[in-house]
Amino acid sequence: DTLLNLAYQMPKTELHLHIEGTFEPELMFAIAKRNNIPFKYDSVDALKSAYQFENLQDFLDLYYQGMSVLLKEQDFYDLTMAYLKRVHQDNVVHVEIFFDPQGHTSRGISFETQINGIYRALKDGEQQLGITFKLIMSFLRHLSESSAFETLELAKPYLDWIDGVGLDSSEVGHPPQKFANVFAECKKLGLSITAHAGEEGPPEYVWEAIETIQVNRIDHGNRALEESDLIAEIKKRGLTLTVCPLSNLKLCVVPNMDNHPIKSMLKFGLNATVNSDDPAYFGGYINDNYKALIKDSGISKNELYTLACNSFNGSWLSSEQKSRHL
Ligand code: ADE
Ligand code: ZN
């Protein structure tokens, strides 16, 4: 099928990817075993059969449980390298990945252990596979702003390795406003800013991400489509939306793929992109997300080009770095 071939072969970037969400059950079992951690599920299949979610929180509960077997620097390295090797097959040439430091510091794993493993894999991936990268530290929004400030302190010795900050985890009840002060500090430090908004949360949260947090990008943004003023504002500012089709389906953010809102976003002239979010949990990497859109939502050849172009334009690469990839 020509559209599928085009989608698979286009060079592309991935801008919305939680490295802990790439933890495949096979690797999870192997790492649990070598770390002598007893595991609640007795087989890969038993674990996989638990991957049925009614909402974001159902998923998050398993996501935090899965990442809890990561103890050593080598564990973070292996996780990250496995992801890079996998998306190299999908013709991904640049990645901007999130990690959730508080998901690990809360279990006694030092910030240094996490970032050393992740960063070393990213550097090796750049050398061995030619995949360039940006690293985004994400704050967990179900925790307090003071916990985010503590995390920022831990990150300060590593700011040369960290390009931006994000906001993820349970959205409803935890508006961007809650983190206004810590993001203001991040901005002063010269970090780029993005935030999950409008995945389950209301359009109001997208407004706050834009006006209060002054994001450079919006993760998901689906519910922005509920307000025409908001659509106009996103368009006026040229903000990129990092959309995750299979994630939306698995977390019941959309009822099916036929009318996925990414089509409307493109029709409104918004800079939408395709991303995999947590591919090990949602049943597909980036090309699988393109495939689902082609199969079920009738996306056109021109739209595919636009999506791939948007993935470069919405990245935090310099124009010189971009042109080296194209
Ligand atoms: N953490 C990992 N994946 C997430 C998502 N889709 N939304 C919010 N937090 C997340
Ligand atoms: Zn996400």
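Scroll up to find the structure this text is about.
Described in the following lines is the structure provided in the data block. (Residues numbered from 1 in each chain as written. Chains lettered and ligands numbered in written order. Predicted model: local features only at pLDDT ≥ 70, side-chain atom pairs only at ≥ 80, totals over all residues. Heavy atoms only, no water.)

## Things to note about the side chain of His18
Looking at the secondary structure, you find His18 in strand E1 (residues 12-18). Classification of His18 by relative accessible area gives buried; the value is 4%. Separated by 3.1 Å, the side chains of His18 and His196 make a polar contact. Leaving out residues up to four positions away in the same chain, His18 has contacts with Tyr63, Phe98, Asp168, His196, Asp277 and Asp278. (Helix = DSSP H or I, 4+ residues; strand = E, 2+ residues; numbered from the N terminus. Buried < 20%, exposed > 50% of the residue type's maximum accessible area, 1.4 Å probe, protein only. Polar contact = N/O pair within 3.5 Å; in protein donor to acceptor, adjacent residues only side chain to side chain. Contact = heavy atoms within 4.5 Å.)

## Some thoughts on the site of ligand 1
Around ligand 1, the structure places His18, Leu56, Phe59, Leu60, Tyr63, Asp168, Ser169, His196, Glu199, His220, Asp277 and Asp278. Within the contact set of ligand 1, a nitrogen atom lies 3.3 Å away from a side-chain nitrogen or oxygen of His18. Between ligand 1 and the protein, one listed contact pairs a nitrogen atom with a side-chain N or O atom of Asp278 at 2.7 Å. Burial of ligand 1 by the surrounding chains reaches 100%, relative to a free accessible area of 260 Å². A molecule is said to occupy a pocket when more than half its atoms come within 2 Å of that pocket's grid points, and by this definition ligand 1 occupies the largest cavity. A class-by-class count of the residues in the shell around ligand 1 yields four nonpolar, four polar and four charged. (Near = heavy atom within 4 Å. Areas by Shrake-Rupley, 256 points an atom, 1.4 Å probe, with all protein chains shown as cover. 1 Å grid on protein atoms, 1.4 Å probe; cavity = no way out; pocket = protein on both sides within 12 Å on 5 of 7 lines; lining within 4 Å. Sits in = over half its atoms within 2 Å of the grid points. Nonpolar A, V, L, I, M, F, W, Y, C, P; charged D, E, K, R; others polar.)

## Some words on the coordination of the zinc ion (ligand 2)
Around the zinc ion (ligand 2), the protein contributes the donor atoms His16 (NE2), His18 (NE2), His196 (NE2) and Asp277 (OD), which lie 2.0 to 2.2 Å from the metal centre. In this structure, the zinc ion (ligand 2) is coordinated by four donor atoms arranged in irregular fashion, with angles at the metal of 83 to 175 degrees. Sequence positions of the residues that donate to the zinc ion (ligand 2) give the spacing H-x1-H-x177-H-x80-D. Of this pair, His16 sits in strand E1 while Asp277 sits in the loop between strand E8 (271-274) and helix H14 (279-282), and the two are 261 residues apart along the sequence. (Donors = N, O, S within 2.8 Å, 3.2 Å for Na, K, Ca; no water. Tetrahedral: all angles 85-135°; square planar, octahedral: opposite > 155°, others 65-115°.)

## Describing helix H5 (residues 73-88)
Taking 1.5 Å per residue, 16 residues should reach 22 Å; H5 reaches 23 Å between its end C-alpha atoms and fits that length. Listed in full, the buried residues belonging to H5 are Asp75, Phe76, Tyr77, Leu79, Thr80, Met81, Tyr83, Leu84 and Val87. (Expected span 1.5 Å × (residues − 1).)

## Some words on empty space enclosed by the protein
Counted under the stated rule, the structure contains two cavities of 30 Å³ or more. Its volume calculated, the largest cavity comes out at about 100 Å³. Lining the largest cavity are 15 residues; nearest its centre among them are His18, Leu56, Phe59, Leu60 and Asp278. Ranked by residues supplied to the lining of the largest cavity, first place goes to helix H4 (residues 56-67) with five residues. The space that makes up the second largest cavity amounts to roughly 30 Å³. Around the second largest cavity, the lining residues are Met28, Phe39, Leu47, Tyr51, Leu62, Gln65, Gly66 and Tyr281. Looking at the lining of the second largest cavity, its residues break down into six nonpolar, two polar and no charged. (Points joined across faces, edges and corners; volume = space filled by probe spheres on them.)

## Remarks on the nonpolar core
One finds Val95, Phe139, Ile234 and Tyr281 to be the most contacted residues of the largest nonpolar core, which totals 96 residues. The biggest single contributor to this core is H4, with seven residues. In contact with Val95, other than residues within four places in its own chain, are Glu14, Tyr83, Leu84, Val87, Leu122, Ile131, Thr132, Phe133 and Lys134. (Core = buried A, V, L, I, M, F, W, Y, C linked by side-chain atoms within 4.5 Å.)

## Structural notes on the sheet that holds strand E5 (residues 192-197)
Overall, parallel pairing links the eight strands, which are arranged E1-E2-E3-E4-E5-E6-E7-E8 in an open sheet. At either margin of the open sheet sits one strand with a lone partner, and together these are E1 and E8. Neighbour-to-neighbour, the strand axes of the sheet open up by a mean angle of 25 degrees, direction not taken into account. Sheet strands touched by helix H7 (residues 111-129): strand E2 (92-99) and strand E3 (132-140). Its angle to E3, the strand with the most contacts, is close to 155 degrees. (Pairing = 2+ DSSP bridges. Axes fitted to C-alpha atoms, helices over the stretch in contact; angles between N-to-C directions.)

## A short note on the pattern of salt bridges
A complete count under the given rule lists 15 salt bridges for this structure. The closest approach of N and O atoms between Glu185 and Lys156, which form a salt bridge, is 3.2 Å. Within this pair, whereas Glu185 is found in helix H9 (residues 180-188), its partner Lys156 is found in the loop between helix H8 (145-155) and strand E4 (164-168), the two being separated by 29 residues in sequence. Residue Arg237 is joined to Glu233 by a salt bridge in which the shortest nitrogen-to-oxygen separation is 2.7 Å. Of the two residues, Arg237 and Glu233 both sit in helix H11 (residues 228-237), four residues apart, roughly one turn of that helix. Among the residues examined, Arg237 registers a relative accessible area of 43% and is labelled partly exposed. Residues joined in a network through salt bridges with shared partners are Arg34, Asp75 and Asp78. (Salt bridge = Lys/Arg side-chain N within 4 Å of Asp/Glu carboxyl O.)

Just distances and angles here, no functional claims.
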